[in-house]
Amino acid sequence: MTDDMRDIVLGVVVALGCAGLGWFARTALWRRALRRKQAFFGLPEHAECLAVVGREPGGEAAVHRHDVFALLELSAAAKECGAHIRLVAHDATQQGFGERTEFCLGGPAGNRRTAAHLASMLPGVRISADPEPGPERGSFRIGAEQYRVEPGITEYVLLARLTGGQGARPVFVFCGQRPITHQAAARYLARHHERLHRKHGDEPFCLLLKVVNSQAYGPDVAEFVADVTKAAREPMPAAAAQPSHRAGEKT
């Protein structure tokens, strides 16, 4: 074998070795990211999770189309974890939480499961269910702060990851002032789950998001407003029972 041939063979061997090491490194990083995602969502491979949905107002069995779109976002995340979603109506779910991951979509007025989660795990949250149209209808009160809805302009949604104890599977709550906010929150969760996992680990959290100008942008523009975990998990003080508004908010 000539020197030139030897150099060519050595070059090919080195190139193959580098390619192999690169493939192993990429695979290791991908597996590590997948394990983190599975841990965050509580979805090991072949696991089953529940998607609990409410009824569309005025409908007998229909799910609002934006909740359907939110389910598509969550189904994609579950599929990447190697798990699958089972759809359940809010009034057909009579079981505790922690055994399986749960995605709960809808406000307490249309989803009994959400109402139960808010009452037991987020007692600092109040949502106005005034049947009469007015500025307070659908507003959020979290601790001493109030957040009003301006349909199509400014709409708020709570995105919460709740757990029932050590080793329990999480419950993800998507509770918004309008159905389009559920899709926005599901998309936010799918896009930012790595950052949320780095910040919160396995601890519960409750975030307030604002969906901006949905009449023009749909669910695409969702802004982080505040981490309201502490206020949402503490019983609401009596002083907060009376209306109060954030500085600069229209009355």
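Here the structure is shown first, and the text comes after it.
The text that follows walks through the structure, step by step, so that each part is easy to find. Treat the numbers as computed from the prediction; the structure is a model and nothing was measured.

For the rest of this paragraph, the subject is the sheet that holds strand E9 (residues 205-212). Strand order in the open sheet formed by seven strands is E2-E1-E3-E8-E7-E9-E10, and the pairing between neighbours is mixed. Looking at the sheet topology across the chains shown, the edges are occupied by strand E2 (84-89) and strand E10 (222-227). Strand-to-strand, the axes of this sheet are offset by a mean angle of 20 degrees, without reference to chain direction. With four bridges connecting them, strand E1 (residues 48-53) and strand E3 (residues 102-105) associate as parallel partners. Across the sheet, Val53 pairs through a bridge with Leu105, a residue of E3.

Time to look at the packing of helix H2 (residues 65-80) against helix H4 (residues 179-200). Where H2 meets H4, the axes come as close as 7 Å, and the angle between the chain directions of the two elements is 10 degrees. Between H2 and H4, the angle falls in the class roughly parallel. Across the interface between the two elements, His66, Asp67, Phe69, Ala70, Glu73 and Leu74 from H2 touch Pro179, Ile180, His182, Gln183, Ala186, Arg187, Leu189 and Ala190 from H4. Considered class by class, the residues forming the contact of H2 with H4 number eight nonpolar, three polar and three charged.

About the cut-offs
Residues numbered from 1 in each chain as written. Predicted model: local features only at pLDDT ≥ 70, side-chain atom pairs only at ≥ 80, totals over all residues. Heavy atoms only, no water. Pairing = 2+ DSSP bridges. Helix = DSSP H or I, 4+ residues; strand = E, 2+ residues; numbered from the N terminus. Axes fitted to C-alpha atoms, helices over the stretch in contact; angles between N-to-C directions. Parallel < 35°, antiparallel > 145°, perpendicular 65-115°, else oblique. Contact = heavy atoms within 4.5 Å. Nonpolar A, V, L, I, M, F, W, Y, C, P; charged D, E, K, R; others polar.

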